[in-house]
Structure formats: C-alpha cells, structure tokens
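Descriptive structure summary
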Amino acid sequence: MTLPTATILSRPSGGRPLVLGSTSPYRRELLQRLRLPFEVAAPQVDETPRPGEAPRALAVRLARAKALAVARQHADAVVIGSDQVVDLDGEPLGKPGDHARATEQLRRMRGRAVVFHTAVTVACVASGFEASDIAEVTVRFRDLTDAEIEHYLRAEQPYDCASSAKSEGLGISLLDAIDNDDPTALVGLPLIRTCRLLRAAGVQIA
C-alpha cells in the first residue's frame, strides 16, 4: 500500500524509519527475516526498458528509481528499492503476466543458462545517503518437455515472477543448478547486500 505523508512510521531501535519501496509480497517476506519494523510504499515507477538498455543496467536503474521515488515522499526514512531482470543472451525478460507468455518464456529457457540481475538501492533524503549494489545469479534450466512446463504452470501459476519459475516452490524442480553468493537474490531481494547497505545507512540490524 502507499503510505500517506502524515503517517507516523515505526522505527528500528535508535534509528530512522525503514520503508520498503515495493509492493512485492516476496520482498516483504524476505525483509521480515531481519526482524526490523518497516512500512511498505508503492514506488510508482515506469519500468519500461529504454531502447538498447542491457538487463543489468535496467535492474540497477529501476532499483534506484524506486528507492528515490519513495524516499522523496518519506524524507526522514531509510528506503529500500529493488528490481530484478532476467537476462537471456542480453535480452531482458520480465514477468509473464499470463499462461501463454509464461509457456513461451520457459520454452525459450529450457536447457539454457540465464542470469538473474537483482539490484538493490538504499536511500535517505534527510541524511543524504544513497548506495546501490547488485547480485547476479546464474540459473541453469533442465531441458524441459512441453508436458513438464504445462504441469508446472498449472500447479503454481507463477505469472507474477520473472522467468515464470518460483525457485522457492515447485519451480526448483525445473532447474539443474543455481550459482550465486547471496541466496535470497533469486527470490527478489539480496539480503546479504541489503544488510550491508542498511548498516552503511546507519540502520542497526544485529
């Protein structure tokens, strides 16, 4: 939900309010692992790729845009913005939105390795803090049959997930391997990097 300007935000112990600039339930669930009080705000950012924009650059730009859009509305808060773009041979793949597009995505990725670029930005207008980082996860898909793709999509309906596969659910059965150094990055928020940026912004975590 979008928070009204007058809302009094809860604060981590001794620090500024913390706001997640995303309405993604997956990012919300991941951030809850840190056991910090936080609010959620919709960033209202146009996510359309620019002509010729590389997937990595797109992820970084959108994460920063989301963080800054919310930070301007909550100047005293520390704001987290994040974005994930799937890279198939330099082509960005987004959320499929429906069954037909999800089927097409998985058919294109079967037997292939794709890179998930998951960027995160932490910003605070009041303190002037802004920093970004990105986690890259290489995922190798099995050589899936059409029947396996159909069964999976009917079972999980992952139409709001980049690449049409939820690795935290049944989607793990579609994969041969995952190579990464920040395990939650594939789900949508690289918590190791996020913690690093939050500490730099003055947020006490543990």
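A quick note: this is a predicted structure, and the numbers were derived from the prediction, not measured. (Residues numbered from 1 in each chain as written. Predicted model: local features only at pLDDT ≥ 70, side-chain atom pairs only at ≥ 80, totals over all residues. Heavy atoms only, no water.)

Section: the nonpolar core
If you look at the biggest cluster of nonpolar residues, it comprises 23 residues, and the most contacted ones within it are Leu106, Val114, Val139, Phe141 and Leu174. When contributions to this core are tallied by element, the ones reaching two or more residues are strand S3 (78-88), helix H3 (99-109), strand S5 (113-124), strand S6 (129-141) and helix H4 (146-156). With 4 residues, the single largest contributor to this core is S6. Not counting residues within four places of it along the chain, the set of residues in contact with Leu174 comprises Leu106, Phe141, Arg142, Leu144, Tyr152 and Ala165. The next biggest cluster of nonpolar side chains, apart from the first, holds 22 residues, and it includes Leu31, Val40, Ala201 and Val203. (Core = buried A, V, L, I, M, F, W, Y, C linked by side-chain atoms within 4.5 Å. Buried < 20%, exposed > 50% of the residue type's maximum accessible area, 1.4 Å probe, protein only. Helix = DSSP H or I, 4+ residues; strand = E, 2+ residues; numbered from the N terminus. Contact = heavy atoms within 4.5 Å.)

Things to note about the layout of surface pockets
By volume, the largest pocket is sized at about 610 Å³. Lining the largest pocket are 34 residues, with Arg27, Gln84, Lys95, Asp160 and Ala162 positioned closest to its centre. At the level of secondary structure, the elements contributing two or more residues to the lining of the largest pocket comprise helix H1 (25-31), helix H2 (55-73), S3, strand S4 (91-93) and S6. (1 Å grid on protein atoms, 1.4 Å probe; cavity = no way out; pocket = protein on both sides within 12 Å on 5 of 7 lines; lining within 4 Å. Points joined across faces, edges and corners; volume = space filled by probe spheres on them.)

Details of the confidence of the model for the protein
Overall, the predicted model of the protein reaches an average pLDDT of 92, with 93% of residues at or above 70. Below pLDDT 50 for its whole length, residues 1-8 participates in 15 contacts with residues either more than four positions away or in separate chains. (pLDDT = per-residue confidence, 0-100.)

Things to note about unusual backbone geometry
The phi torsion at Gln44 lies on the positive side, around 55°, for a residue other than glycine. Looking at the secondary structure, you find Gln44 in the loop between strand S2 (39-40) and H2. A relative accessible area of 66% places Gln44 in the exposed class. Even without a glycine there, the phi angle at Asp89 is positive, about 55°. Structurally, Asp89 can be placed in the loop between S3 and S4.

Let's talk about H4
Every buried residue of H4 is accounted for by Ile149, Tyr152 and Leu153. Relative to the axis of H4, the buried residues are bounded by an arc of 95° and lie together on one face. Residues Ala147, His151, Arg154 and Ala155 are exposed on H4 and point more than 90 degrees away from its buried face. Those residues of H4 that are buried are in contact with H3. (Arc of directions from axis to C-beta.)

Brief notes about helix H5 (residues 191-200)
Every buried residue of H5 is accounted for by Leu191, Arg193, Thr194, Cys195, Leu197 and Leu198. Residues of H5 that are buried make contact with strand S1 (18-20), H1, S3, S5 and S6. Of the residues trailing H5, Gly202 is marked for its positive phi of about 100°.

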